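Descriptive structure summary
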Amino acid sequence: MAVISDHCQEIKVTLVDTDIQKIKAWNSDNPSRLPIYEPGLEEVVLRNRGKNLFFSTDIKNSIREADMIFISVNTPTKIKGLGAGYASDLKWVESSARQVAKYADGHTIIVEKSTVPVRTAELIENILNESQKMNQDLDKKTFSVLSSPEFLAEGTAIKDLENPDRVLIGGSDKKAMNLLSSIYKRWIPEEKILLTNVWSSELSKLIANAFLAQRVSSINSISALCESTGADIKEVVKAIGSDKRIGEKFLSPGPGFGGSCFKKDILNLVYICRFYGLETVANYWEQILYINVWQKKRISTLIIEKFFGTVSNKKIVILGFAFKSFTNDTRESPAIEIVKDLIENGANLFINDPKVSALQIEKEIGLKELEIDQFSSGSWQFSHDVISSAKDSDAIVLVTEWNEYKEINWKELTATMRKPAWIFDTRIIFSKEELNCLDINYWQLGTIKD
Ligand code: UGA
């Protein structure tokens, strides 16, 4: 929405939320208080806020004033009821639609931006139609529902929005589709704007994420095969990525994919397939998630095995807790499972991340900083300074590929570790030559030591 306001100065963009604290933070004069860390976002928000970009809790009047409403609420995996553990929970989409139905005035275009399973537009339409029927004066409220799913990735959101590979607009009301398209056309070439039917648009979002996650799980599965055979995953990636039909992007092996989308979307895809009786198709996609769980587990197991089966009382530094670099988001981060496993096995962890707070880590792993795990005596604390945390440590585990970690003087740092010490590079940030000149044991994902 900030990017739309930036490109369309004559359009008034209002973001509403029920969370007063969140809106307060977005309106804060202190840029570091904005609720999300996203490169470039702060500048766009500060440039337009108060001119044509507003943050408000006045949901009622904002809906009434709007010609177009984007529903951008979260759709987490259901934790109970029908489809629990797989289906997306649409309660926020539904309550948003009900509020739109109640407060809208005149003709309103509803754009579903949230990632939603196929046929959600239908649900929204049903809610709006019911409200229309109850409305005495039928001309007063009319609606068009469009689907325009978001393809931005965290960490590169502004870049992705400025220069998207494509924009999808799904719907049947051509006039409404053209209107939304005219907004995007202000900065996006027309040929990148794809007009589809509403179901294609909704399904494409799920499938795009499933294909991306599938690439990560595929390459992660091969990283293990490389470790067994002596092939080098970096060489394999280069060799297969050079084939234009495969492509080099999204082929980086790692500790497993995280983030709020891939797992949720694949679970939902699996649910939809099962719903339509396509059990074999469902099983096929579910394997991507199994590989992801397996990859995280095999990393923590491997660390423990390198210490001959016990990390009890070992001092281990964890570099990175965010699910990838350039974001402070920790949802589904592979670090969570790896860290929990190590603590459960008695390790004392020092966890560093340039953008994630100690409080956030505490929330994710469910153990307070410096609290001793009652079963294993493991613990964790926040590392404010990697260099001093590394002193006398037994191992360093690189989990997130922050640039900060590439810039460390590794020779000096490893010299202060307690020997025999280990580096576990799950993001392949080191070259083999760099690792070879360190006087230390190392393990790098997808390779075996020379
Ligand atoms: C993903 C998609 O890339 C976006 O297109 C989509 O819009 C978004 O989900 C969404 O549905 O909202 P995001 O989850 O922000 O974006 O981040 P990604 O860059 O896709 O990374 C996901 C995970 O995969 C990260 O943990 C990352 O480290 C991992 N990954 C990614 C790899 O391990 N290897 C790769 O080569 C790429």
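Attention here is on the structure that accompanies the text. (Residues numbered from 1 in each chain as written. Predicted model: local features only at pLDDT ≥ 70, side-chain atom pairs only at ≥ 80, totals over all residues. Heavy atoms only, no water.)

Covered by surrounding structure in strand β11 (residues 395–398) are A395 and V397 together with I396 and L398, the residues of both alternating faces. Two strands pair when backbone bridges link them, and β11 and strand β12 (residues 422–425) are joined in this way by 4 bridges, in the parallel orientation. What sits directly across from L398, in β12, is D425. (Buried < 20%, exposed > 50% of the residue type's maximum accessible area, 1.4 Å probe, protein only. Helix = DSSP H or I, 4+ residues; strand = E, 2+ residues; numbered from the N terminus. Pairing = 2+ DSSP bridges.)

All right, on to the packing of aromatic side chains then. Per the counting criterion, the structure on display carries 11 aromatic pairs. Relative to Y276, the ring of F275 has its centre 5.0 Å away and its plane inclined at 85°; by these criteria the two rings are edge-to-face. What links up through ring pairs into an aromatic cluster is the set F211, Y284 and W285. Stacked on the ring of F151, the Lys or Arg R166 has its end atom at 3.6 Å from the ring centre. Taking the ring centre of F350 as reference, the NZ or CZ of K315 above it sits at 4.6 Å. (Phe/Tyr/Trp six-rings, centres within 6.5 Å; stacked < 30°, edge-to-face > 60°. Lys NZ or Arg CZ within 6 Å of the ring centre and 35° of its normal.)

Now for the state of the cysteines. If you walk through the whole model with that rule in mind, you get 0 disulfides. There is no disulfide at C273, and the cysteine sulfur nearest it, in C261, is 19 Å away. (Disulfide = S-S within 2.5 Å.)

The next subject is the site of the ligand. Taken together, 19 residues sit near the ligand, with L152, E154, K205, N209 and K324 positioned nearest. The contact in question runs from an oxygen atom of the ligand to an N or O atom on the side chain of N209, over 2.7 Å. Its free accessible area being 700 Å², the ligand has 89% of it covered by the protein chains. Of the residues that constitute the shell around the ligand, the class distribution is 11 nonpolar, 3 polar and 5 charged. (Near = heavy atom within 4 Å. Polar contact = N/O pair within 3.5 Å; in protein donor to acceptor, adjacent residues only side chain to side chain. Areas by Shrake-Rupley, 256 points an atom, 1.4 Å probe, with all protein chains shown as cover. Nonpolar A, V, L, I, M, F, W, Y, C, P; charged D, E, K, R; others polar.)

Right, let's talk about empty space enclosed by the protein for a bit. Under the definition given, this model contains 1 cavity of 30 Å³ or more. Its boundaries defined by the atoms lining it, the largest cavity holds a volume of some 30 Å³. Lining the largest cavity are E112, S114, T115, V116, S147, P149, E202 and K205. Classifying every residue of the lining of the largest cavity by side-chain character gives 2 nonpolar, 3 polar and 3 charged. (1 Å grid on protein atoms, 1.4 Å probe; cavity = no way out; pocket = protein on both sides within 12 Å on 5 of 7 lines; lining within 4 Å. Points joined across faces, edges and corners; volume = space filled by probe spheres on them.)

In this section: the nonpolar core. Formed by 60 residues in total, the largest nonpolar core has its most connected members in L349, W380 and W410. Among the elements that take part in this core, helix α13 (residues 334–344) stands out by supplying 6 residues, more than any other. In this structure, L349 is in contact with I316, I318, V339, L342, I343, S379, W380 and Q381, ignoring residues within four places of it in sequence. Counting residues in each nonpolar core, the second largest holds 29 residues, with L34, L41, V167 and I188 among its members. (Core = buried A, V, L, I, M, F, W, Y, C linked by side-chain atoms within 4.5 Å. Contact = heavy atoms within 4.5 Å.)

For the rest of this paragraph, the subject is unusual backbone geometry. The residue after K419, namely P420, is reached through a cis peptide bond having omega -5°. By secondary structure assignment, the location of P420 is in the loop between α17 (410–415) and β12. In the Ramachandran plot, F326 falls in the positive-phi region, its phi being about 65° despite a non-glycine side chain. Tracing the backbone through its elements, the reader meets F326 in the loop between β8 (315–319) and α13. The partly exposed category is assigned to F326, whose relative accessible area is 35%. Of note in the backbone geometry, D392 takes a positive phi value of approximately 60° without being a glycine. Overall, D392 belongs to the partly exposed group, its relative accessible area being 45%.

To continue, consider the packing of helix α6 (residues 120–134) against helix α9 (residues 198–229). Running from amino to carboxyl end, α6 crosses α9 at an angle of 130°, the nearest separation of the two axes being 9 Å. By the angle class used here, α6 and α9 are oblique. Residues T120, A121 and E122 of α6 touch α9, and the partners they reach there are V198, W199 and E202. Residue classes in the contact of α6 with α9 are distributed as 3 nonpolar, 1 polar and 2 charged. (Axes fitted to C-alpha atoms, helices over the stretch in contact; angles between N-to-C directions. Parallel < 35°, antiparallel > 145°, perpendicular 65-115°, else oblique.)

Moving on, we come to the sheet that holds β11. Taken together, the 6 strands give an open sheet; going across it, the order is β10-β9-β8-β11-β12-β13, and neighbouring strands pair in parallel fashion. Strands at the two margins of the open sheet, each flanked by one partner only, are β10 (379–382) and β13 (441–444). Direction aside, the axes of adjacent strands within the sheet are offset by 15° on average. Those strands touched by α13 are β8, β9 (348–352) and β10, and its axis lies near 155° from that of β9.

Taking 1.5 Å of rise per residue, the 15 residues of α6 would be expected to cover 21 Å, and the 22 Å separating its terminal C-alpha atoms lies within 8% of that figure. Listed in full, the buried residues belonging to α6 are T120, A121, I124, I127, L128, S131 and Q132. Taken around the axis of α6, the buried residues stretch over an arc of 140°, which confines them to a single face. In α6, the exposed residues that point more than 90 degrees away from the buried face are K133 and M134. (Expected span 1.5 Å × (residues − 1). Arc of directions from axis to C-beta.)

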